[in-house]
Amino acid sequence: MATDHLTTTSGRRLFLTALDQAVRERGGMSCGIVARSGTPVLHVINAQAPHRFTEIGADFIAGAWVFTWAGTGKAIGAADAPAAAADTIAHAVGAATGIRP
């Protein structure tokens, strides 16, 4: 029985949940997993300036899970490094370190 199709879909929510936690721990942002066209993404906003936001996907590319900018599909970083991705996302939305919503 082929299981390749399971690998490409089953990890998405798991990785986005880990990223959700890393974003919350970093501070300065609020976030939650939402569905876009049936696919889960992490919606992240700057807690001090909610008009600054982005959405992050998790995609299985070339045999590895990566976080991607949902709007463009460009890679952010490895899905097994959510803290590093949270820093990149914070920079993109202009969030200060340590500020809790």
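Up top is the structure these notes are about.
Cut-offs applied
- Residues numbered from 1 in each chain as written.
- Predicted model: local features only at pLDDT ≥ 70, side-chain atom pairs only at ≥ 80, totals over all residues.
- Heavy atoms only, no water.
- Helix = DSSP H or I, 4+ residues; strand = E, 2+ residues; numbered from the N terminus.
- Contact = heavy atoms within 4.5 Å.
- Pairing = 2+ DSSP bridges.
- Salt bridge = Lys/Arg side-chain N within 4 Å of Asp/Glu carboxyl O.
- Buried < 20%, exposed > 50% of the residue type's maximum accessible area, 1.4 Å probe, protein only.

Novice: Help me understand the environment of Val 66 in this model?
Specialist: Structurally, the position occupied by Val 66 is in strand E4 (residues 64-69). Considered as a pair, Val 66 and Ile 76 are ten residues apart in the sequence and their alpha carbons are 7.2 Å apart. Beyond its immediate sequence surroundings of up to four residues, Val 66 is in contact with Gly 57, Ala 58, Asp 59, Ile 61, Gly 77, Ala 78 and Ala 79.

Novice: Help me understand the pairing of strand E5 (residues 75-78), please; the structure alone is not making it clear to me.
Specialist: Side chains on a regular strand alternate between the two faces of the sheet. Judged from the three bridges that link them, E4 and E5 form a sheet pairing that is antiparallel. Its bridge partner lying in E5, Thr 68 is registered against Ala 75. Hairpin connection of E4 to E5: five residues between the antiparallel strands, including Gly 73 at a positive phi of 80°.

Novice: Hey, could you run me through the pattern of salt bridges in this one?
Specialist: A side chain of one charge can pair with a side chain of the opposite charge when the charged atoms of the two come close. Applying the stated rule across the entire model yields four salt bridges. Across the pair Asp 20 and Arg 24 runs a salt bridge, and its minimum N-O distance is 2.9 Å. On the criterion of helical spacing, the pair formed by Asp 20 and Arg 24 is a turn pair, its members being four residues apart in helix H2 (residues 12-26). The class for Asp 20 is buried, based on a relative accessible area of 12%. Since its relative accessible area comes to 39%, Arg 24 is described here as partly exposed. Put simply, Arg 26 and Asp 87 hold a salt bridge, and the shortest N to O gap is 2.9 Å. Linking Arg 26 in helix H2 with Asp 87 in helix H3 (residues 82-93), this pair joins segments that are 61 residues apart in sequence. Classification of Arg 26 by relative accessible area gives buried; the value is 17%.

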